[in-house]
Structures are given as C-alpha cells and as structure tokens.
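# Structural overview for review
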Amino acid sequence: SIKIIGNSTSFHVQGYFVYDSKKSGSLTVSHLRFGENPIRSTYLIQSANFIACHHFNYLNKYDVLKDAESGATFLLNSPYSHEEVWSKLPVKIQEEIKNKQLKFFVVNASKVARETGMGTRINTILQTCFFAIAGILPREDAIQKIKDAIKKTYSVKGEKVVLKNFEAVDQAIANLHKIDYSKLSFGN
C-alpha cells in the first residue's frame, strides 16, 4: 500500500512496522504515514485516521481502537455477515465506534480468499478495501495500481495465479459493506 501511494501520488510516505520476532501467528501493527510534507522521523502513530483489523478475535485481545481519532475509518475483517456483525462485536468496541463516530466498514476477507482460491491469504483483499474507502486515489485508479502490482509480483507464477488475485480484488469490493450503526444499540 505504501509503495502504491509513494509511486502514484506526490505524497511523502513511510511504513513503520511493529511485530513479534516469532512472526508466524503473531500480531503485526503497521504504521503507515503519508502526506504533503517530508517525514523526518520514525514513530508510532498515536492518532490514526484509518485503522484496519485483519483478525476479528483481536477485538477481544487488544485495544484496537485506542488510537482512532474522532471520525476515523475502521475496516474490520469479520467472519460474520454485515447484517449480524454489530451484535457480535464486544460492547467496548461498539461504544468506541459510536463515541468516536467512526466510519465502520466490514468485509469477510477470509471467505473471499477461500472462494477465489487464495486460501488463507487476505492481504490483497484488505489492501483493496483500504484503497476503495480511503480516497487517496480515485477507486478505479487504485484498483488498477493493485492489479498492476499483482501482475508484476505474480506473473512468474503463471497467468492462473494472476487471475486468481484479480478475482480476489474484484470480490473484495463486492463484499465490502459500510455499517450504519446509528440506530443500533449496545450489545445487539
């Protein structure tokens, strides 16, 4: 994502990653910064305008939304449908979403990955959703840049792999939903 932004806009970019040295099965937090002014140091973001959670169970383990600023966007990979996801969220998360007036989006990236032959690989799906809702680039331009990156990265593995990834990108958009929680109460 940060490469696409850096190569496709006039923004200065930085990716700063915090992860467990065990890597496999552990938590990685990506701090992506970009803007019109040069970025002169590395630091953890403490006021985020976009937060994505790739694993639903992290909502019970970590304070995922603690650094979300008021009005930020929250993208959640949910195993639940967009109709039922609100009732499955921990009340603390529901409260934070409402109190901070977050723009809340869900996608079942794991289902999209399975159905498009991607197995458990959800990164491209969530990256597509990020670009679709973040507004950094026009949606169609962003999707084309993602597909260009897929072709560049996976063409050595064959056309079938490239097309599978393209289908995952297209299905990501089709399965992305904005949740209107304005009339929903806590706990349901």
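Look above for the structure.
One structure accompanies this document, and this report is about it. Computed from a predicted model, the values in this text were never measured in an experiment.

## So, unusual backbone geometry
Residues other than glycine seldom take positive phi values, yet Gln101 does so here, at roughly 50°. Note on placement: Gln101 falls in the loop between helix H4 (91–99) and strand E5 (103–107). For Gln101, a relative accessible area of 55% corresponds to the exposed category.

## Overview of the side chain of Thr128
Take Thr128: it is sitting in helix H6 (residues 123–134). The exposure class assigned to Thr128 is buried, which follows from its relative accessible area of 0%.

## With respect to the packing of aromatic side chains
On inspection of all chains with the given rule, the structure shows seven aromatic pairs. For the pair Phe74 and Phe104, a centre-to-centre distance of 5.4 Å together with 10° between the ring planes defines the contact as stacked. One end of the pair, Phe74, is in strand E4 (residues 68–77); the other, Phe104, is in strand E5, with 30 residues separating them in the sequence. No difference in accessibility class separates Phe74 from Phe104, as the two residues are buried. Note on Trp86 and Tyr181: the rings are 5.4 Å apart at their centroids and 5° apart in plane angle, and the pair reads as stacked. Residue Trp86 is located in helix H3 (residues 85–88), and its partner Tyr181 is located in the segment after strand E6 (177–179); the two are separated by 95 residues in the primary sequence. Comparing Trp86 with Tyr181 shows no difference in burial state: the two are buried. Above the plane of the ring of Phe166 lies Lys147, whose end atom (NZ or CZ) is 5.4 Å from the centre.

## Comments concerning the pairing of E4
When you tally the buried positions in E4, you get seven out of ten residues, the bulk of the element. Relative to E4, strand E3 (residues 48–53) is paired through five bridges, and the arrangement is parallel. Along E4, the bridge assignment pairs Ile51 with Phe74. Examined bridge by bridge, E4 and E5 share five bridges and lie parallel to one another. If you follow Asn77 over to E5, its bridge partner there is Val107.

## Brief notes about the sheet that holds E5
Strand order in the open sheet made by the four strands is E3-E4-E5-E6, with mixed pairing throughout. At either margin of the open sheet sits one strand with a lone partner, and together these are E3 and E6. Adjacent strand axes in the sheet meet at a mean angle of 25° when their direction is disregarded. H6 contacts E3, E4 and E5 of the sheet and is inclined by roughly 145° relative to E4.

## Points about the side chain of Thr124
Here Thr124 lies in helix H6. In this structure Thr124 touches Ile146, Ile150, Asn165 and Val169, once residues within four positions along its chain are discounted.

Criteria and cut-off values
- Here the residue numbering is sequential within each chain, running from 1 through the sequence in written order.
- Note on the predicted model: pLDDT of at least 70 is required for a residue's local features to be given, and 80 or more for side-chain atom pairs to be given and counted; whole-chain, interface and lining totals, by contrast, use all residues.
- Hydrogens are left out, water is left out, and the side-chain values use all remaining heavy atoms of the structure.
- The helix and strand labels rest on DSSP assignments: H or I over at least four residues marks a helix, E over at least two residues marks a strand, and numbering proceeds from the N terminus.
- Exposure categories follow from relative accessible area, calculated using a 1.4 Å probe and restricted to protein chains: below 20% of the type maximum is buried, above 50% is exposed, and the middle band is partly exposed.
- Only Phe, Tyr and Trp rings are paired, with Trp represented by its six-membered ring, and only when their centres lie within 6.5 Å; those with planes under 30 degrees apart are stacked, over 60 edge-to-face, the remainder tilted.
- Charge over a ring is defined by NZ of Lys or CZ of Arg lying within 6 Å of the ring centre and within 35 degrees of the ring normal.
- Pairing between strands is defined by DSSP: at least two bridges between them are needed.
- Axis definition: a line fit to C-alpha positions, over the contact stretch in the case of helices; interaxial angles, taken between N-to-C directions, run 0 to 180 degrees.
- Residues count as neighbours in contact if any of their non-hydrogen atoms are within 4.5 Å of one another.

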